[in-house]
Amino acid sequence: MTDENPPVPPPADVARRLEAILLIVEEPQSLVALATAVGAPVPAVRQAVEALVADYDGLAGGPRRGFELREVGGGWRLYVRAEHDELVSEFVNTQ
């Protein structure tokens, strides 16, 4: 009997896949849903989410982004940082 589990993508690929999914979701997504979407085990997705949070918050040596990856209601989603809410609201209302 052979193990037919697909190979786990490398951590960088998991993070890139997560970013692609997180850019289009309208509702927070659980780690299980994200793991299913990107074809990786939940622990790998949890680690990638933690790395993305640190990256977006500027803790990984890069700039602090104008958006953040936040856990809300048991799921993860990208949000505009609070300090940019007014700017984004004005932009959306003038379009």
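1. Considerations on the side chain of Glu 68
- Following the sequence through the fold, Glu 68 ends up in strand S1 (residues 67-72).
- Classification of Glu 68 as buried rests on a relative accessible area of 18%.
- A distance of 3.4 Å separates a polar atom in the side chain of Glu 68 from a polar atom in the side chain of Arg 70.
- Setting aside residues up to four positions removed in sequence, Glu 68 forms contacts with Asp 57, Arg 77, Leu 78, Tyr 79, Val 80 and Arg 81.

2. Some points on the pairing of strand S2 (residues 75-80)
- Relative to S2, S1 runs antiparallel, the two sharing six bridges. Opposite Arg 70, over in S2, you have Arg 77 as the bridge partner.
- Where S1 folds back on S2, the antiparallel hairpin that results is connected by two residues, among which Gly 73 adopts a positive phi of roughly 60°.

3. Brief notes about the pattern of salt bridges
- The tally for this structure, following the rule as stated, stands at six salt bridges.
- The network of salt bridges with common partners includes Asp 57, Glu 68, Arg 70 and Arg 81.

Criteria and thresholds
Residues numbered from 1 in each chain as written. Predicted model: local features only at pLDDT ≥ 70, side-chain atom pairs only at ≥ 80, totals over all residues. Heavy atoms only, no water. Helix = DSSP H or I, 4+ residues; strand = E, 2+ residues; numbered from the N terminus. Buried < 20%, exposed > 50% of the residue type's maximum accessible area, 1.4 Å probe, protein only. Polar contact = N/O pair within 3.5 Å; in protein donor to acceptor, adjacent residues only side chain to side chain. Contact = heavy atoms within 4.5 Å. Pairing = 2+ DSSP bridges. Salt bridge = Lys/Arg side-chain N within 4 Å of Asp/Glu carboxyl O.

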